[in-house]
Amino acid sequence: MLNSPEILGLGEIVVDWVAQIPHFPKPDEKIDSFHQEIFGGGVTANFLVATTRLGVFSGFIGAVGQDENGEFLIKDLKNEGVDTKYTYKKGDLKTPVNFIIVASNSGEKIIIQSPYMQYSLSIKDLDNDYIASSKLLHTTAIYHELTEEAIKIAKKNNVKISLDLESQIAVRGWNKLKKIIQNVDVLLPNKEGAMSITKTNSPKEAASFLTKKGIPLVIITLGSQGALISTENFQKVISSYNINKVIDTTGAGDTFIGAFSVAYWIKGWDLVKACKYANAAAGIKIGKLGARTGMPTHKEILAFLEERNENLF
Ligand SMILES: Nc1ncnc2c1ncn2[C@@H]1O[C@H](COP(=O)(O)OP(=O)(O)O)[C@@H](O)[C@H]1O
Ligand SMILES: [Mg+2]
């Protein structure tokens, strides 16, 4: 194994409490769940697990609380082969727990996010050399000032910068976020995040807005519709794969971005091929309960593509 991770993630890690229920209940309704599970989660940590499953050494910059949940999360990352050298244990907060409820009639979910997502991480928690020796820095901008600083270090050292913009972060608004967004090499929001930050009504309009602002590559994930690639020269939708039984879409975006990052930034494949590979990875993921459970290996993606007569290679 390499000494230093090729891909770094700066952002959040949480415990996911997952219940699978037959349908969403009404207020005051009591309902029995089919499954009750506890998984490692958090979009940035999920993204990193997706990359290590595909054979890339990755590291997590972030924090957990000094409690049992924090221990569980660090152990889980280590089991996946994620480097935790800069995964801090901070005493200021409880480790966040998110409640995820998945309806088995549709595979749709609701997520109730913890109020303890951000620790008192500061600029001194960033190791210049750790970032400088990686190839890709991926973040969600949950830590605003820290993200700005990490981007500066990455830029100075020719490390590529990748941003996933969730709608809860996008509500900070364009003016507050533009310094971060306009410095990335690729922006990969889902359609909700993309429309929220641009105040537009469709992913295509959002993509055009972002491309005109000078972001060289924008990829908006469109759930069951696949992903929209947008650059200065073209816009193209890469369709997702038809999945017979959608169990849980939690972590679909993180899996897509993880597989895309490995294919495009590490293996150097072209954009369309990388997005097809990412659609396949996310398509496999949604067949299992839990954000990370179904994240595939490269071999599993190859088998999935072969079954669909998709010849990427
Ligand atoms: N119902 C589905 N069928 C097939 N692929 C899906 C489905 N839902 C999601 N995906 C895949 O997962 C990717 C990310 O999903 P999306 O919902 O856009 O992201 P997020 O999980 O961040 O909200 C999509 O681009 C697609 O590849
Ligand atoms: Mg997402």
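Each value, and the rule that gives it
Residues numbered from 1 in each chain as written. Chains lettered and ligands numbered in written order. Predicted model: local features only at pLDDT ≥ 70, side-chain atom pairs only at ≥ 80, totals over all residues. Helix = DSSP H or I, 4+ residues; strand = E, 2+ residues; numbered from the N terminus. Rg over C-alpha atoms; globule rule 2.2 N^0.38 Å. Buried ≥ 20, exposed ≤ 12 C-beta atoms within 10 Å, placed from the backbone. Contact = placed C-beta atoms within 7 Å. Core = buried A, V, L, I, M, F, W, Y, C linked by C-beta atoms within 7 Å.

Asks: Could you clarify how one ought to interpret the overall build of the protein in this entry?
Replies: From N to C terminus, the protein includes eleven helices and 13 strands. In terms of C-alpha radius of gyration, the protein reaches 18 Å, essentially the compact-globule figure of 20 Å for 313 residues. Expressed as lengths along the three principal axes of its C-alpha atoms, the size of the protein is roughly 55 × 50 × 40 Å. Across the 313 residues in the protein, those meeting the buried criterion constitute 45%. Within the protein, contacts between residues separated by at least 24 positions form 68% of all contacts whose residues are at least 6 apart in sequence.

Asks: What exactly am I supposed to notice about the environment of F256 here?
Replies: Inspection of the secondary structure puts F256 in helix α9 (residues 252-266). Since 29 C-beta atoms lie within 10 Å of it, F256 is described here as buried.

Asks: What is the right way to read the nonpolar core from this model?
Replies: Where a protein is soluble and globular, its nonpolar side chains tend to be buried together. In terms of nonpolar packing, the biggest core is built from 78 residues, with L187, F256, A259, F260, A278 and A281 touching the most fellow members. Considering every element that reaches this core, the biggest residue donor is α9, with nine residues. Excluding residues that lie within four positions of it along the chain, A259 makes contacts with A50, L54, Y277, A278 and A281. V18, V102, L289 and A291 belong to the second largest nonpolar core, which has six residues in total.

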